[in-house]
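# Summary of the model geometry
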Amino acid sequence: MAFLSPVVADDAETEELARQQAFRTGFQEIVDGLNAGSPDKFIDATDSRDIVDRIFGLRLIDQRVKKQFRDSLEYQFDNIITSAFSESKDHMKATLLGVESRGVRGRAVVRFDLPDLQFSYHEYDLSLDKKNRVVVIDWIDFLRGQKFTDEIGISLIMAAPSKSAVRKLIDFQNVNESDLFQFTELLKAARDRKADRFIEIINGLDERLRRQRIVVLTGVELTKRIKNRRMMRTALIQMAEYFPEDPLYSLMLLDYYFPSRQYDDAFQALQRLYDRLDVDDAAMEARLSATALVMGNPQDAIAFADKSLLLEPDLELAWWSTLRARAALSDFAGAVVALQRLEGQFGHSLGPEGLERDPGLSALLASDEYDAWLASRK
């Protein structure tokens, strides 16, 4: 067995620490650029040739579609990349939650703040080039439930789906010609945003085809695009039936679990995603707090809220979670502290008219602490 000399070992450790720092510094600069309103650093960190190779992969994409895609890259590549941020393009606030690496491969997790105190998460696959510059290889958007290159690649197949290409998307053998035809028509309906046709076909599909990952995910994406909440609920019910424990779909499933008051399922979905991200996150703690509270667990709710504030004292949702958890525990003094922050820092007006519609705050509104706070505002 060969052993490294102390000098060689020290050099290797120094190089590894330098690479780790390069990942952290380089990706933070990319995130800072996004927050400044410029995706240039992000685009510069992507290798267009590698991205295209990943998009094409082993997929049987129509040759004409491939050529059109390649021909358009010269003036469309930037738009293709920045489409990844379409959910938050008018409200860009990205927070780098963590970077980990080993050798020249790395991983980063970023939270994107969305309107109405909602959040999205991206998980980036990274590498370093020979000059220790960060290269973005690919990423998962957890509001879309798949890798960026997979999403684009499948859309190219759907542009002109051949029998062989469609057959390759199905995870079992011996698909008969009739089922294959219907499956192809389903993809065309999704491509053309014909939701009624999509539903008509899917209702007649064999069960093994109906539960295919591409069918379930495409159904949710289609109903989101056409902004039909009734149809989206149906699509999400299918997702919850076939893939209830997949963290890729946790964020999407919240749009089904919360409106249908399936709070335990919502809590478990959040926890699965949190475990997958494997980073501390104030927003996730705040959402777990809110969910624990509606499940009737105020002690858990305040523990999550306290951790949320510890991680990120300036996160608005953390203060809302703290307000409601403190009020539920009759800690009205603590609730008033949250009210002060929500008014003073985030610009809310939290007099009785602004809070009386929330039944969970009725005891707070009747408390001496709240009355004293109201008097101090005048």
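Quick summary incoming for the structure in this document. (Residues numbered from 1 in each chain as written. Predicted model: local features only at pLDDT ≥ 70, side-chain atom pairs only at ≥ 80, totals over all residues. Heavy atoms only, no water.)

## A few points about the overall build of the chain
- When helices and strands are tallied, the chain shows 20 helices and 5 strands.
- Projecting the C-alpha coordinates of the chain onto the three principal axes gives extents of approximately 75 × 65 × 45 Å.
- Buried positions account for 48% of the 378 residues belonging to the chain.
- Sequence separation of 24 or more characterises 54% of the internal contacts of the chain that already satisfy a separation of 6 or more. (Helix = DSSP H or I, 4+ residues; strand = E, 2+ residues; numbered from the N terminus. Buried < 20%, exposed > 50% of the residue type's maximum accessible area, 1.4 Å probe, protein only. Contact = heavy atoms within 4.5 Å.)

## A short note on the packing of aromatic side chains
- Tallying each qualifying case throughout the model produces 13 aromatic pairs.
- The interplanar angle of 55° and the centroid separation of 5.1 Å between the aromatic rings of Phe-27 and Tyr-124 together place this pair among those described as tilted. Of the two residues, Phe-27 is situated in helix α1 (residues 6–35) and Tyr-124 in strand β3 (residues 118–128); the sequence distance between them amounts to 97 residues.
- Taking relative accessible area as the criterion, Phe-27 reaches 1% and is therefore assigned buried. (Phe/Tyr/Trp six-rings, centres within 6.5 Å; stacked < 30°, edge-to-face > 60°.)

## Here's the deal with the nonpolar core
- By size, the foremost hydrophobic cluster in this structure holds 67 residues, and its most contacted members are Tyr-121, Met-239, Leu-323, Leu-339 and Leu-364.
- Once you skip the residues sitting within four places of it in the chain, Met-239 turns out to touch Val-216, Leu-217, Val-220, Pro-244, Tyr-249, Met-252 and Leu-253.
- Residues Ala-22, Val-52, Ala-94 and Val-136 belong to the second largest nonpolar core, which totals 38 residues. (Core = buried A, V, L, I, M, F, W, Y, C linked by side-chain atoms within 4.5 Å.)

## Topic: the pattern of salt bridges
- What the rule picks out here adds up to 32 salt bridges.
- Among the ionic pairs, Arg-326 bridges to Asp-306, the shortest N-O distance being 3.1 Å. Remark: Asp-306 occurs in helix α15 (residues 298–311) and Arg-326 occurs in helix α16 (residues 316–328); sequence separation between them is 20 residues.
- Among the residues examined, Asp-306 registers a relative accessible area of 35% and is labelled partly exposed.
- Among the charged side chains, a network of salt bridges with common partners joins Glu-100, Arg-107, Glu-123 and Arg-276. (Salt bridge = Lys/Arg side-chain N within 4 Å of Asp/Glu carboxyl O.)

## Observations regarding the side chain of Glu-343
- By secondary structure assignment, the location of Glu-343 is in helix α17 (residues 332–344).
- Among the polar contacts listed, one links the side chain of Glu-343 to the backbone nitrogen of Leu-350, at a separation of 2.7 Å.
- A distance of 2.8 Å separates the side chain of Glu-343 from the side chain of Arg-377, its partner in a polar contact.
- When sequence neighbours within four positions are dropped, the list of residues in contact with Glu-343 reads His-348, Ser-349, Leu-350, Gly-351, Trp-373 and Arg-377. (Polar contact = N/O pair within 3.5 Å; in protein donor to acceptor, adjacent residues only side chain to side chain.)

## Considerations on the sheet that holds strand β1 (residues 94–102)
- Within the open sheet, the 5 strands sit side by side as β1-β2-β3-β4-β5. Their pairing is antiparallel. Strands with a single pairing partner mark the edges of an open sheet, and in this sheet they are β1 and β5 (146–147).
- In terms of strand pairing, β3 meets strand β4 (residues 134–141) through 7 bridges, oriented antiparallel. By the bridge assignment for β4, His-122 is matched with Asp-141. (Pairing = 2+ DSSP bridges.)

## So, a negative patch on the surface
- A cluster of acidic residues, Asp-10, Asp-11, Glu-13 and Glu-15, forms a negative patch on the protein surface.
- For Asp-10, the position within the fold is in helix α1.
- For Asp-10, a relative accessible area of 48% corresponds to the partly exposed category. (Patch = residues over 30% accessible without salt bridge, like charges linked within 9 Å, V, L, I, M, F, W, Y side chains within 5 Å. Areas by Shrake-Rupley, 256 points an atom, 1.4 Å probe, with all protein chains shown as cover. Lys, Arg positive; Asp, Glu negative; His and termini not counted. Charge placed at Lys NZ, Arg CZ, Asp CG, Glu CD.)

## Focus: the packing of α16 against α17
- The geometry of α16 relative to α17 is characterised by a closest axis approach of 8 Å and an angle of 155° between their N-to-C directions. Classified by the interaxial angle, the pair formed by α16 and α17 is roughly antiparallel. By crossing handedness, the relation of α16 to α17 is classed as left-handed. On the side of α16, the interface is formed by Glu-316, Trp-319, Trp-320, Thr-322, Leu-323, Arg-326 and Ala-327, while α17 contributes Phe-332, Gly-334, Ala-335, Val-337, Ala-338, Leu-339, Arg-341 and Leu-342.
- Of the residues contributing to the contact of α16 with α17, the split by class is 10 nonpolar, 2 polar and 3 charged. (Axes fitted to C-alpha atoms, helices over the stretch in contact; angles between N-to-C directions. Parallel < 35°, antiparallel > 145°, perpendicular 65-115°, else oblique. Left-handed = near helix turned anticlockwise from the far one by under 90°. Nonpolar A, V, L, I, M, F, W, Y, C, P; charged D, E, K, R; others polar.)

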